[in-house]
Amino acid sequence: MKESYITTAIPYVNGNPHLGHAMDYLLADTLRRYMMSMGYNVRLQAGTDEHGSKIFKKAAELGIPTQEFVDQNAKKFQDFIHSLGAEYTDFVRTTDADHERRCQAIWTKLSDHIYKDSYEGWYCEGCESFVTDKEYEDNSGVCPDHKKPYTKLSEENYYLRISDFKENIRKAIESDELKITPTFRKKEFLNLLKDMPDVSISRPKEQVEWGVAVPGDEAQVMYVWIDALANYITVLGYPDKDISDSWPAHTQVVGKDILRFHAGIWPAMLMGLGLPLPHNLLAHGFITVNGEKMSKSIGNVVDPQEILAKHGLTPFRYYFLRHASTTDDSDFTWDKYEASYNELANDLGNLIQRLATLCKKNDVTVDYKFVEPAFDHDFRARMDKYEFNFAFDILWEEIGKLNKHIDAEKPWALAKTDPEKAKKVLADTVVRLLTVNDYLKLFLPDTAEQISDIFTGTIEPPATPLFPKN
Ligand code: MSP
């Protein structure tokens, strides 16, 4: 069987899962279902990024031992992924003993490209990263993501010599050997790469004690990004096991803010290890709320559990996979969410209800076999470009056509004048619906299963509508 590996970014566990984290999982899960529908055996990794000073400090603030704190939060992320109807095959925690040991082996393998130096520069504690003087100036000394002033930090650290790989990284990205989607982010990153300095990959232990020890240097721990990025291969068993069945990944899904680490440091690490680069990096946009970045200080953070609790999973997946763009920022408001729910109820919910009711009344049964529909080509073209929301639009157009078809054919009237024709119209419509449903299951698996149950064998309309009106 053909193997395919998809990865998701591993979130920091200093807080609860939030709405933004959902995008990684929904997109990766949709791609997983798409690849599976094409006969691939898909491995999907998820995990948690559990080291670093932010997590250490948060646990201390709460008065909980750090390990206990990360244990609790890792569990919340696993539950969160399941609550989104997403499935992973592998879950990695960066505090796993296997991960830590493998990370140290990776460090040792990279030692030809690592050197020690002292550095003074502007640092953002939120990003756990230094910024260039230019970024410092452009942002007027305040991190735009964390709204906190940068601090001057001087440290003796280990560095990964990015310059050893820069030219090859540039070539790989330019030629799409490592394909970055969307293209505007590829361009943005290629610009950034030009001035990308060597990166610091360790911290003095007295600064950050919650981390993986640097092999052969008691005084230093690995900087979270090296430890975090390594997860994509340590989870497969690297370097203890041959990972060539799964690696290189088909697609690595990340948010736009962390593309630079995945397109810069990560390829450098892989090249240093003599491993191939992933085929695709998908950088998705951010979810904003009422047009603003979600932030605790603004007080506009929406809890995904609250949204899920409102109408259940399908409306959640429908909103974030159809009305949120795969590649650009997308906004959430409760008004838009309600409008999207009503659309789901009116377009799909009503179609199912009235079609099943008419079928039952007229004793229609259907022998359904998948036949490739005309929209398949356009649908795949969108999916292959990671334009999942546009692919979803194509299915919605088909659903609209089915509603119009019933309105135009009026099978309830036909049943009185030409019952055979009425039956045929209804059966054909069911076949068309089941065909759309075979695609819908990539986005709305639970509802697709219900639809297939309703229209297989004796057709029975659901006792309560799938999407009841409020
Ligand atoms: N720990 C790092 C990732 C390491 S991957 C080797 C990290 N964690 S995070 O918790 O800050 O972010 C996890 C994922 O959620 C990232 O892909 C990030 O881009 C995404 N998002 C965080 N906030 C988001 C939104 N508001 N909207 C969409 N995605 C967002 O970065």
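Residues numbered from 1 in each chain as written. Predicted model: local features only at pLDDT ≥ 70, side-chain atom pairs only at ≥ 80, totals over all residues. Heavy atoms only, no water.

> Before we go on, may I ask you to explain the sheet that holds strand 10 (residues 213-214) in this structure?
Pairing between the strands of a sheet is mediated by backbone hydrogen bonds and can be parallel or antiparallel. One open sheet accounts for three strands, arranged 9-11-10; its pairing is antiparallel. Either end of the sheet is taken by a strand with one partner, and the two such strands are strand 9 (202-204) and strand 10. Its contacts with the sheet put helix 4 (residues 97-109) on strand 9, strand 10 and strand 11 (217-222), and the angle it makes with strand 11 is roughly 105°. (Pairing = 2+ DSSP bridges. Helix = DSSP H or I, 4+ residues; strand = E, 2+ residues; numbered from the N terminus. Contact = heavy atoms within 4.5 Å. Axes fitted to C-alpha atoms, helices over the stretch in contact; angles between N-to-C directions.)

> I tried to follow the site of the ligand on my own but got confused; where do I start?
Taken together, 24 residues lie around the ligand, and I10, D24, D49, D257 and I287 are the ones closest in. For the ligand, a nitrogen atom lies 2.8 Å from a polar atom in the backbone of I10. The contact in question runs from an oxygen atom of the ligand to an N or O atom on the backbone of G255, over 3.0 Å. Relative to its unbound accessible surface of 670 Å², the ligand loses 93% to contact with the protein. Among the secondary structure elements, those contributing two or more residues to the shell around the ligand are helix 1 (19-37), helix 8 (224-229), helix 9 (231-234) and strand 12 (251-255). (Near = heavy atom within 4 Å. Polar contact = N/O pair within 3.5 Å; in protein donor to acceptor, adjacent residues only side chain to side chain. Areas by Shrake-Rupley, 256 points an atom, 1.4 Å probe, with all protein chains shown as cover.)

> Would you explain the environment of F370 in this entry?
Counting through the fold element by element, F370 comes out in the loop between helix 13 (334-361) and helix 14 (376-384). If sequence neighbours within four positions are ignored, F370 has contacts with T435, D438 and Y439.

> Quick question: what am I supposed to make of the packing of helix 17 (residues 419-440) against helix 18 (residues 445-454) here?
In a pair of packed helices, the angle between the axes and the distance between the axes together describe the arrangement. Closest axis-to-axis distance for the helix 17/helix 18 pair is 9 Å, and the angle between their directions is 155°. Here helix 18 runs roughly antiparallel to helix 17, going by the angle between their axes. Here the hand of the crossing between helix 17 and helix 18 comes out left-handed. Contacts from L433, L434, N437 and L440 of helix 17 reach helix 18 at A448, I451 and S452. (Parallel < 35°, antiparallel > 145°, perpendicular 65-115°, else oblique. Left-handed = near helix turned anticlockwise from the far one by under 90°.)

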